[in-house]
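An overview of the molecular structure
The lines below spell out each chain.
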Amino acid sequence: MKPEHHYSVDVAWLGNRGSGTSHYREYGRQNVIAAAGKPVIEASADRTFHGDADRWNPEELLVAALSECHMLSFLHVAVVHGVVVTAYTDAAEGVMLQEGDGGRFTSVTLHPRVTVAGPLDEERFERMHREAGEKCFIANSVNFPVRHEGVLVVEPAI
């Protein structure tokens, strides 16, 4: 039997300006996302959709989830392969296509910059990213490609 994992979050809309959703421009998109024992995330729609630019939007959260999941999967793969990672950053980008009032993501590209201690060749580095992508629960749950354009930095031997 395969283990199931359950995740619970609470989302509360804060954008009622007095007349609810009486008109498209009459309500705010502000909301909060919470989970037991964690800081609240202040969220909104993207600015394009009348949201607040200073709050996280669902599209950014999806790209962030893919980036973080890949990073955590890559760190696990590094341990399994005996590779010591000393730093990891990513500048992830998502592309969303708007179709009428809806739309969908067409791709996310991760740009991980990974620093390792000791030698590691580019081919093995790419294989590790592919393996991490195969292990990432979030990437395995979306219906668009998640690409990896990694940069390998090898620390000089002391």
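Residues numbered from 1 in each chain as written. Predicted model: local features only at pLDDT ≥ 70, side-chain atom pairs only at ≥ 80, totals over all residues. Heavy atoms only, no water.

Structural notes on the sheet that holds strand 5 (residues 93–99)
- Strands sit in the order 5-6-8 across an open sheet of three strands; the sheet is mixed. Every interior strand has two partners, whereas the edge strands, strand 5 and strand 8 (146–148), have only one. Sheet twist, expressed as the average angle between the axes of neighbouring strands with direction ignored, equals 20 degrees.
- In this sheet, strand 8 lies alongside strand 6 (residues 102–110) in parallel orientation, the contact comprising three bridges. Residue pairing across strands places T109 opposite R147, the latter belonging to strand 8.
- Sheet contacts for helix 1 (residues 58–80): strand 5, strand 6 and strand 8; angle to strand 6, the most-contacted strand, approximately 30 degrees. (Pairing = 2+ DSSP bridges. Helix = DSSP H or I, 4+ residues; strand = E, 2+ residues; numbered from the N terminus. Axes fitted to C-alpha atoms, helices over the stretch in contact; angles between N-to-C directions. Contact = heavy atoms within 4.5 Å.)

Points about helix 1
- Compared with an ideal rise of 1.5 Å per residue, which puts 23 residues at 33 Å, helix 1 spans 33 Å between its outermost C-alpha atoms and is within 8% of the ideal.
- For helix 1, every residue scored as buried is listed here: V63, L66, S67, C69, H70, S73, F74, V77 and A78.
- Check the buried side of helix 1 and you find it contacts strand 4 (84–89), strand 5, strand 6, strand 7 (113–117), helix 2 (122–135) and strand 8.
- You can read the cap of helix 1 off the contacts: a side-chain oxygen lies 3.0 Å from the backbone nitrogen of E59, and it is on N57. (Expected span 1.5 Å × (residues − 1). Buried < 20%, exposed > 50% of the residue type's maximum accessible area, 1.4 Å probe, protein only. Polar contact = N/O pair within 3.5 Å; in protein donor to acceptor, adjacent residues only side chain to side chain.)

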